[in-house]
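Notes for the structure review
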Amino acid sequence: QVQFVESGGGLVQPGGSLRLSCAASGTIFSIYAMGWFRQAPGKQRELVALIRSGGKTDYLDSVEGRFTISGDSAKNTVYLQMNSLKPEDTAVYYCNARLRRLFTDNAPKDYWGQGTQVTVSS
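Quick caveat: nothing in here was measured; it's all calculated off a predicted structure.

**Examining the overall build of the protein chain**
Summing up its helical and strand segments, the protein chain has zero helices and eleven strands in all. Tracing the protein chain from N to C terminus, the helices and strands come up as β-β-β-β-β-β-β-β-β-β-β. Taking 2.2 N^0.38 as the reference for a compact globule, 122 residues should give roughly 14 Å; the C-alpha atoms of the protein chain span a radius of gyration of 14 Å, in line with that estimate. Taken along its principal axes, the extent of the C-alpha atoms in the protein chain is 50 × 25 × 25 Å. Contacts in the protein chain between residues at least 24 apart in sequence constitute 55% of all its contacts with a sequence separation of at least 6. Put simply, the protein chain shows about 6800 Å² of open surface, and 46% of that area lies on carbon and sulfur atoms. Here the protein chain carries 13 positive and 10 negative side-chain charges, and the mean point of each set is 4 Å from the other.

Right, dumping it as C-alpha coordinates:
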(Lines give C-alpha, C1' and ligand atoms only; values in the text may rest on other atoms or scores of the structure.)
Protein backbone atom coordinates (compact mmCIF):
# COMPACT_ATOMS: atom_id res chain seq x y z
CA GLN A 1 0.00 0.00 0.00
CA VAL A 2 1.22 3.47 -0.92
CA GLN A 3 -0.31 6.56 0.60
CA PHE A 4 0.24 10.25 -0.01
CA VAL A 5 -0.12 13.24 2.23
CA GLU A 6 -0.62 16.34 0.11
CA SER A 7 -0.78 19.86 1.45
CA GLY A 8 -0.32 23.48 0.50
CA GLY A 9 -3.20 24.16 -1.84
CA GLY A 10 -5.60 27.01 -1.40
CA LEU A 11 -6.78 30.35 -2.68
CA VAL A 12 -4.23 32.96 -3.65
CA GLN A 13 -4.27 36.25 -5.54
CA PRO A 14 -2.54 36.63 -8.90
CA GLY A 15 1.15 37.17 -8.35
CA GLY A 16 1.09 35.28 -5.09
CA SER A 17 2.85 32.11 -4.05
CA LEU A 18 2.02 28.68 -2.76
CA ARG A 19 4.13 25.73 -1.76
CA LEU A 20 2.77 22.24 -2.31
CA SER A 21 4.17 19.20 -0.60
CA CYS A 22 3.57 15.50 -1.08
CA ALA A 23 4.93 12.78 1.16
CA ALA A 24 4.73 9.17 0.05
CA SER A 25 4.63 6.37 2.57
CA GLY A 26 4.26 2.62 2.58
CA THR A 27 6.36 -0.41 1.79
CA ILE A 28 8.34 1.39 -0.88
CA PHE A 29 11.37 -0.28 -2.38
CA SER A 30 12.46 2.32 -4.88
CA ILE A 31 11.17 5.63 -6.21
CA TYR A 32 12.09 6.44 -9.79
CA ALA A 33 10.42 9.82 -10.07
CA MET A 34 7.90 12.08 -8.43
CA GLY A 35 5.98 14.92 -9.92
CA TRP A 36 2.95 17.10 -10.06
CA PHE A 37 0.14 16.98 -12.58
CA ARG A 38 -2.79 19.32 -12.80
CA GLN A 39 -6.21 19.31 -14.36
CA ALA A 40 -8.30 22.41 -14.89
CA PRO A 41 -12.05 22.28 -15.55
CA GLY A 42 -12.71 21.15 -19.10
CA LYS A 43 -9.03 20.54 -19.75
CA GLN A 44 -6.82 17.51 -20.09
CA ARG A 45 -4.48 16.51 -17.31
CA GLU A 46 -0.99 17.84 -17.87
CA LEU A 47 2.39 17.31 -16.32
CA VAL A 48 3.51 20.40 -14.44
CA ALA A 49 6.87 19.36 -13.07
CA LEU A 50 8.86 16.19 -12.60
CA ILE A 51 11.92 15.28 -10.61
CA ARG A 52 13.77 12.04 -11.19
CA SER A 53 15.67 10.10 -8.58
CA GLY A 54 18.94 11.44 -9.93
CA GLY A 55 17.73 15.00 -9.49
CA LYS A 56 16.96 15.95 -13.07
CA THR A 57 13.87 18.12 -13.41
CA ASP A 58 11.42 18.92 -16.17
CA TYR A 59 8.77 21.60 -16.35
CA LEU A 60 5.74 22.52 -18.35
CA ASP A 61 6.80 25.42 -20.56
CA SER A 62 4.21 27.78 -19.13
CA VAL A 63 5.46 27.36 -15.56
CA GLU A 64 9.20 27.23 -16.11
CA GLY A 65 10.86 30.10 -14.32
CA ARG A 66 7.94 30.47 -11.92
CA PHE A 67 7.69 26.99 -10.38
CA THR A 68 10.43 24.96 -8.76
CA ILE A 69 10.22 21.28 -7.93
CA SER A 70 12.46 19.73 -5.32
CA GLY A 71 12.63 16.54 -3.36
CA ASP A 72 13.80 15.09 -0.08
CA SER A 73 14.68 11.47 -0.68
CA ALA A 74 15.05 10.70 3.01
CA LYS A 75 11.42 11.69 3.53
CA ASN A 76 10.03 10.43 0.20
CA THR A 77 8.69 13.92 -0.25
CA VAL A 78 8.37 16.23 -3.22
CA TYR A 79 7.70 19.95 -3.12
CA LEU A 80 6.44 22.43 -5.65
CA GLN A 81 7.18 26.07 -5.00
CA MET A 82 4.82 28.14 -7.11
CA ASN A 83 5.56 31.83 -7.55
CA SER A 84 4.01 34.55 -9.68
CA LEU A 85 0.80 32.59 -9.87
CA LYS A 86 -1.64 33.33 -12.65
CA PRO A 87 -5.36 32.63 -12.96
CA GLU A 88 -4.58 30.03 -15.60
CA ASP A 89 -2.71 28.05 -12.95
CA THR A 90 -6.03 27.29 -11.30
CA ALA A 91 -6.50 23.53 -11.24
CA VAL A 92 -6.51 20.46 -9.09
CA TYR A 93 -2.91 19.46 -8.57
CA TYR A 94 -2.12 15.76 -8.23
CA CYS A 95 0.99 14.25 -6.77
CA ASN A 96 2.39 11.33 -8.71
CA ALA A 97 5.10 8.84 -7.95
CA ARG A 98 6.60 6.16 -10.13
CA LEU A 99 7.88 3.51 -7.77
CA ARG A 100 8.18 -0.12 -6.86
CA ARG A 101 6.66 -1.42 -3.68
CA LEU A 102 8.68 -3.71 -1.50
CA PHE A 103 7.72 -7.39 -2.00
CA THR A 104 4.81 -6.58 -4.29
CA ASP A 105 5.65 -4.80 -7.52
CA ASN A 106 7.59 -6.64 -10.20
CA ALA A 107 7.97 -3.44 -12.19
CA PRO A 108 7.55 0.27 -11.51
CA LYS A 109 4.01 1.54 -11.26
CA ASP A 110 2.41 4.96 -11.05
CA TYR A 111 0.68 5.94 -7.83
CA TRP A 112 -1.45 9.02 -7.33
CA GLY A 113 -2.51 11.33 -4.59
CA GLN A 114 -6.07 12.53 -4.23
CA GLY A 115 -5.30 16.04 -5.40
CA THR A 116 -5.31 19.48 -3.88
CA GLN A 117 -7.15 22.51 -5.22
CA VAL A 118 -5.18 25.58 -6.25
CA THR A 119 -7.25 28.63 -7.08
CA VAL A 120 -5.70 31.85 -8.32
CA SER A 121 -8.20 34.67 -8.29
CA SER A 122 -8.52 38.28 -7.29
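After that view, the rundown keeps rolling.
**Side note on the pattern of salt bridges**
All chains considered together, the criterion is met by seven salt bridges. Here Arg101 and Asp105 are joined by a salt bridge, their closest N and O atoms 3.3 Å apart. One network of salt bridges, with partners in common, ties together Arg38, Glu46, Arg66 and Asp89.

Definitions and limits used
Residues numbered from 1 in each chain as written. Predicted model: local features only at pLDDT ≥ 70, side-chain atom pairs only at ≥ 80, totals over all residues. Heavy atoms only, no water. Helix = DSSP H or I, 4+ residues; strand = E, 2+ residues; numbered from the N terminus. Rg over C-alpha atoms; globule rule 2.2 N^0.38 Å. Contact = heavy atoms within 4.5 Å. Areas by Shrake-Rupley, 256 points an atom, 1.4 Å probe, with all protein chains shown as cover. Lys, Arg positive; Asp, Glu negative; His and termini not counted. Charge placed at Lys NZ, Arg CZ, Asp CG, Glu CD. Salt bridge = Lys/Arg side-chain N within 4 Å of Asp/Glu carboxyl O.

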